[in-house]
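# Examining the three-dimensional arrangement
Letter by letter, the chains look like this.
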Amino acid sequence: MKQNLRVLFLFSLFLCVTQLTYAQEKEIKGTVTSKTDGFPIPGASVLVKGTTNGTQTDFDGNYSLTASVGDIISFSYIGMTTVEITIGDSSTINVQLEEDATALSEVVVTALGIKKSRKSLTYSAQDIDADELSKAKQTNPVSSLSGKVAGLSINRSASGAGGSVKVTLRGNSSIGNNQPLYVVDGVPLSNPSSSQPGDTFGDINGGNRDGGDALSLINPDDIESLTVLKGASASALYGSAGLNGVILITTKKGRSGQFKVDVSSNLTVDSAAYAMDFNDETQNNIDDFLGSGVTNINSLSISGGTENAQTYFSYSNTFASGVLPTNSLKQHTINIRETAQLFDNKLRLNASVMSSTQSIKNRPISGLYFNPLVGAYAFASDTEQLSDYSNFEVLDPARNIMAQRWFRGTSDVEQNPYWIINRNASEDSNKKLVTSLSLDFKVNDWLSLQTRGTYDKSLLNFERKIYATTEATLAPSNGRYIVFENDYTQYYGDLIATINTQINEGITVNAIVGASTTRTTTESLTGDSGTNGDLQFANVFSFQNFNGGATTNIRQNSLETRVNSIFASTTFGFNDKIFVDLTARNDWSSTLPPENNSFFYPSVGVTGIISELFELPESISFAKLRASYAEVGSGFGADQINPNRQIQFDGSPLVTQVAPFPGSTPKPERQKSFEIGTEWKFSDNRYGIDIGYYNTKTVDQYYEFATSVAVIGAPSARLNSGEISNTGIEASIYAIPIRNDDFAWTSRVNFASNKNKIEKIYNGEVLEGLIEPEFFTLSGKGVNTFGSYLVEGGSFGDIYAQVVRRDANGLPIIDVDNTDPNNPVYTIQQNDDNTVDGLTKVGNANPDFTLGWNNSFTYKNFTVDFLIDGKFGGETMSMTEAIVEGTSNNSARETSNGNVNVVDQNGTPFTLTAQQYYSSAGGRNGFTGEYIYSATNVRLAEFVLGYNFNLGENSFFNRIKASLVGNNLFFFYKDAPHDPNVSLSTGNSLQGVDVLGLPSSRSIGLNVNLTF
């Protein structure tokens, strides 16, 4: 009986416990969305912590599972922070996940679009989030990188909206091209430029014009991420194309389960802000001539898809009116990208089309010819204003045409500025089409095959119509018509096998083996009626109206290059703590002779994860050490080894282009690079530093040497010679000093220092007829007194000028025996150890070091972002100031008529007025050494104040953000009378000099972002 009672009691207790447990369990359901845009996240993990009880969200981000009160549910998704919530009384739990910047940065897109874990990299690579390119938009998205990447130097163009950008990574290393390679979605982008300024005086054949580049045709809102591969080790897989580093751009694509529409509009007002100091009257005239510009950038994108197919579509337009009258830009860009997963995700398809058109009227130029700023800066009248000559033409009854009107006679460099912008008008038309198809087939768990193909077409056209009565040096009596048409086509294809496997426990292998082919064609047409050929009928601009003469130029050209390559890369991982990286690439180029057309590029690197190899304090979250060595090179242009011969329009003999030196064997320029670096993170990744040192030597520069016509029949020929070295230190430091629910502060500092040296100009090769070079000319002085030369022992970017000789106290020495008091004669300083071509070295255009400080603050719905960008050291020349003071009395310091202390040949001191001193020292061919300034400058490059609006659950919009934006707002410090961050050319010439370039602008405006 007692036994039966005991069993009955235990059974009843079991039922009570079971009933109690059942009563505490309940169904929990809800939705998981993204905090960034409010869209549902399909496939997010929902797990009861400490158990195997879990599920995933469906297509709409919904989930449902059974759990008990007090259980902790963990919500997670790749690339987002994990959220844990304890179950209470509510049965509905909705969660928003934030993007985890740390987690996202663990995967890096590297060469050829290969994704690697950041900790396995053996070289320096720095990521830039897409927001950094679109917070304060610029017409060329690469301009927004200034100060945000250690070792990356950005110089904006002086040619206004749509202008090309000079980008240099780790210093100038080549007498040839120093621009990096741009890669979009793993495929090299064709980035031609039809023209770049190359002369301080100006180009008589249309002016010192900037032909623009392909980067300004990219919609910044289409960019998802950007990675800068700085050294040769990072870019060795691109072979000869990657000599100067690589900038990788990854574009946006549609996502499964998300239909999203993004709209943005950016409107800024631009004003010319950084010009030399003029006297009040001249400044008023210039202010009347230069107006305010307006830039409007609009973008619309639509994305969405299913688990098997996703679509991304975007359209953007840019309308800009420049500060220079009649200067305007119109641009339209369309981007379509389709991605799909087929055959149970074994085959991935990626297809895209990007099309862009750009039209620019009266793009600003530099130099003296065709430059309206010459006349605007030189205008001086006691009775009239410059605006009185906005009526720039008057009827010439003898010819029955409208003739130029100006307050004095015109010259080869000075005309009525209103005449130039209306009757010497130019138009650039740039078009870009890029189509790409990629197929990625997963063979099995460790092998996949990928093939890609790209068609890349660029059409760059230029037209200038020069009306009759333009200055005779620039055009004959009936006017002149100039047309340049350039058609660039690049075909690219590759096949890559990717292997990810494990040899044994603790050893992993990630490898690729592949081959690629690139074919580039160039078709060009030049039509120029010339300075003497004239037009048959005045102001009729067509080829049919050409009146053939010695300077008439009608020329067509067709060039083609082919590069075939094979490559391989292997990363060995040892216990996920040590990584060894090996790459190899071999190129075969059509520009070289068949018996010598192959060149090989290797690299090797090693990384050790110190924080996993050794026991470190808890405060150290991560630490690694890396080292690498690589060799890369640069190929040849289509016309350098076997040059074409030009047939002249007037039937004169054929002209052969510069050819290789007879008997020499051309070989590719080669760069040997070593780098070492370390990366540390502290306090749960809230603080970190990445610091590195590099040493590169570029040898076998291929350039033009002077020769003996009597011996080889030509005044010059090409030969491999010379050596340029670059050593430097780079550091990127980040910190998140404050991070809580209401307030967060993120700060990053980028530092870089580069030392450049010309080790050799001539290798000492003895060839008959070769004149041993003493220097190489980057910017020749011509009829001016500015030059830039490469001299053994010097540096790339050295500036040379004509310098006034001074006494021991630094006072200018005046030749009083030959001096008119109003026109003093200076004595010229000569230093045989520091003089080239009659000019003296006065500085270098490159900074000693650069510093960028980027900050982001978030307080509830408010955001504040600002960038302080500084360049320290280096020199710059204001030839603008020299020209103004040499041809007028319009500078402020001339008008102030202050005194300048000088001495005579005997050391006797006396004074000259500022007007006497500078009017004689100035001029394009004067004492330009008096116009050298420190290039050190610190500016507020960007400022953004934003607000995210609170939206109700029933709002049509998922996100609304409005921002006040500013670019290039002001300088904390600047010595030069112009903006030293502006470059006249993306080539090697005209660095460190301002020659009547358009003053850089300050931009202030509003940006609005809508998501629904």
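Note that the structure is predicted; figures quoted are calculated from it, not measured.

## Notes on the packing of aromatic side chains
- Considering all chains together, one arrives at 39 aromatic pairs under this definition.
- Within the aromatic cluster, the residues linked to one another by ring pairs are Phe743, Trp745, Trp853, Phe857, Tyr859 and Phe866.
- Over the ring of Tyr389 we find Arg405, and its NZ or CZ is 4.5 Å from the ring centre.
- The ring centre of Phe971 lies 5.7 Å from the NZ or CZ of Lys974, which sits over that ring.

## Some points on the pattern of salt bridges
- Counting across every chain of the model gives 38 salt bridges.
- Of the charged contacts, one joins Arg408 and Glu414 as a salt bridge, the two residues approaching to 2.8 Å between their closest N and O atoms.
- Take Arg408: its relative accessible area is 35%, and that puts it in the partly exposed class.
- When salt bridges with common partners are traced through the structure, they connect Glu132, Lys135, Lys148, Asp865 and Glu942 into a single cluster.

## Here's the deal with the sheet that holds strand E2 (residues 45-48)
- A sheet is described by the order of its strands in space; here four strands give the open sequence E3-E2-E5-E6, paired in antiparallel fashion. Strands with a single pairing partner mark the edges of an open sheet, and in this sheet they are strand E3 (54-56) and strand E6 (83-86). Strand after strand, the sheet turns through a mean of 15° between neighbouring axes, direction not considered.
- As paired elements, strand E5 (residues 72-76) and E6 share four bridges and run antiparallel to each other.

## Description of the side chain of Gln671
- Inspection of the secondary structure puts Gln671 in strand E34 (residues 669-682).
- Of the polar contacts made by the side chain of Gln671, one reaches the side chain of Ser173; its length is 3.5 Å.
- Only 3.4 Å separates the side chain of Gln671 from the side chain of Thr698, close enough to count as a polar contact.
- What Gln671 contacts, discounting residues up to four positions off in sequence, is Ser173, Ala232, Leu243, Ala630, Glu631, Val632, Gly633, Thr696, Lys697 and Thr698.

## What to know about empty space enclosed by the protein
- Going through the model one piece at a time under the given rule, you end up with 14 cavities of 30 Å³ or more.
- Of the voids in this model, the largest cavity is the one considered here, and its volume is about 680 Å³.
- Gln138, Gly160, Ala161, Ser1001 and Ser1003 are the residues nearest the centre of the largest cavity, which is lined by 39 residues in total.
- For the lining of the largest cavity, the per-class residue count stands at 11 nonpolar, 23 polar and five charged.

## Observations concerning the sheet that holds strand E43 (residues 839-844)
- Spatial ordering of the open sheet is given by E38-E39-E40-E43-E42, a layout of five strands whose pairing is antiparallel. Each having just a single partner strand, strand E38 (775-779) and strand E42 (835-836) make up the two edges of the open sheet.
- Sheet topology note: the E38/strand E39 (residues 786-791) ladder contains four bridges and is antiparallel. Opposite Ser779, over in E39, you have Ser788 as the bridge partner.

## Points about a nonpolar patch on the surface
- A grouping of Leu582, Val604, Leu625, Tyr629, Phe674, Ile676, Ile691, Tyr693 and Ile729 is seen on the molecular surface, where their side chains present a nonpolar patch of about 710 Å² in accessible area.
- Where the nonpolar patch is concerned, the elements lending two or more residues are strand E31 (620-634), E34 and strand E35 (687-706).
- Looking at the element boundaries, Leu625 is found in strand E31.
- Classification of Leu625 as partly exposed rests on a relative accessible area of 45%.

## Digging into the environment of Val699
- In this fold, Val699 is placed in strand E35.
- With residues near it in sequence (within four places) discarded, Val699 still touches Glu669, Arg670, Gly722 and Glu723.

## Some remarks on the nonpolar core
- Core analysis: the biggest nonpolar cluster contains 46 residues, and Phe289 and Tyr377 have the highest contact counts within it.
- Here this core takes four residues from helix H6 (residues 372-378), the largest share from any one element.
- Setting aside residues no more than four positions away along its own chain, Tyr377 makes contact with Phe278, Thr282, Ile286, Thr880, Val884, Ser888, Asn890, Leu996 and Pro999.

## Some thoughts on the confidence of the model for the chain
- Model confidence for the chain is summarised by a mean pLDDT of 87, while 93% of its residues fall at 70 or above.
- The low-confidence segment residues 1-23 (pLDDT under 50) makes zero contacts with residues lying over four places distant or belonging to another chain.

About the criteria used
Residues numbered from 1 in each chain as written. Predicted model: local features only at pLDDT ≥ 70, side-chain atom pairs only at ≥ 80, totals over all residues. Heavy atoms only, no water. Phe/Tyr/Trp six-rings, centres within 6.5 Å; stacked < 30°, edge-to-face > 60°. Lys NZ or Arg CZ within 6 Å of the ring centre and 35° of its normal. Salt bridge = Lys/Arg side-chain N within 4 Å of Asp/Glu carboxyl O. Buried < 20%, exposed > 50% of the residue type's maximum accessible area, 1.4 Å probe, protein only. Pairing = 2+ DSSP bridges. Helix = DSSP H or I, 4+ residues; strand = E, 2+ residues; numbered from the N terminus. Axes fitted to C-alpha atoms, helices over the stretch in contact; angles between N-to-C directions. Polar contact = N/O pair within 3.5 Å; in protein donor to acceptor, adjacent residues only side chain to side chain. Contact = heavy atoms within 4.5 Å. 1 Å grid on protein atoms, 1.4 Å probe; cavity = no way out; pocket = protein on both sides within 12 Å on 5 of 7 lines; lining within 4 Å. Points joined across faces, edges and corners; volume = space filled by probe spheres on them. Nonpolar A, V, L, I, M, F, W, Y, C, P; charged D, E, K, R; others polar. Patch = residues over 30% accessible without salt bridge, like charges linked within 9 Å, V, L, I, M, F, W, Y side chains within 5 Å. Areas by Shrake-Rupley, 256 points an atom, 1.4 Å probe, with all protein chains shown as cover. Core = buried A, V, L, I, M, F, W, Y, C linked by side-chain atoms within 4.5 Å. pLDDT = per-residue confidence, 0-100.

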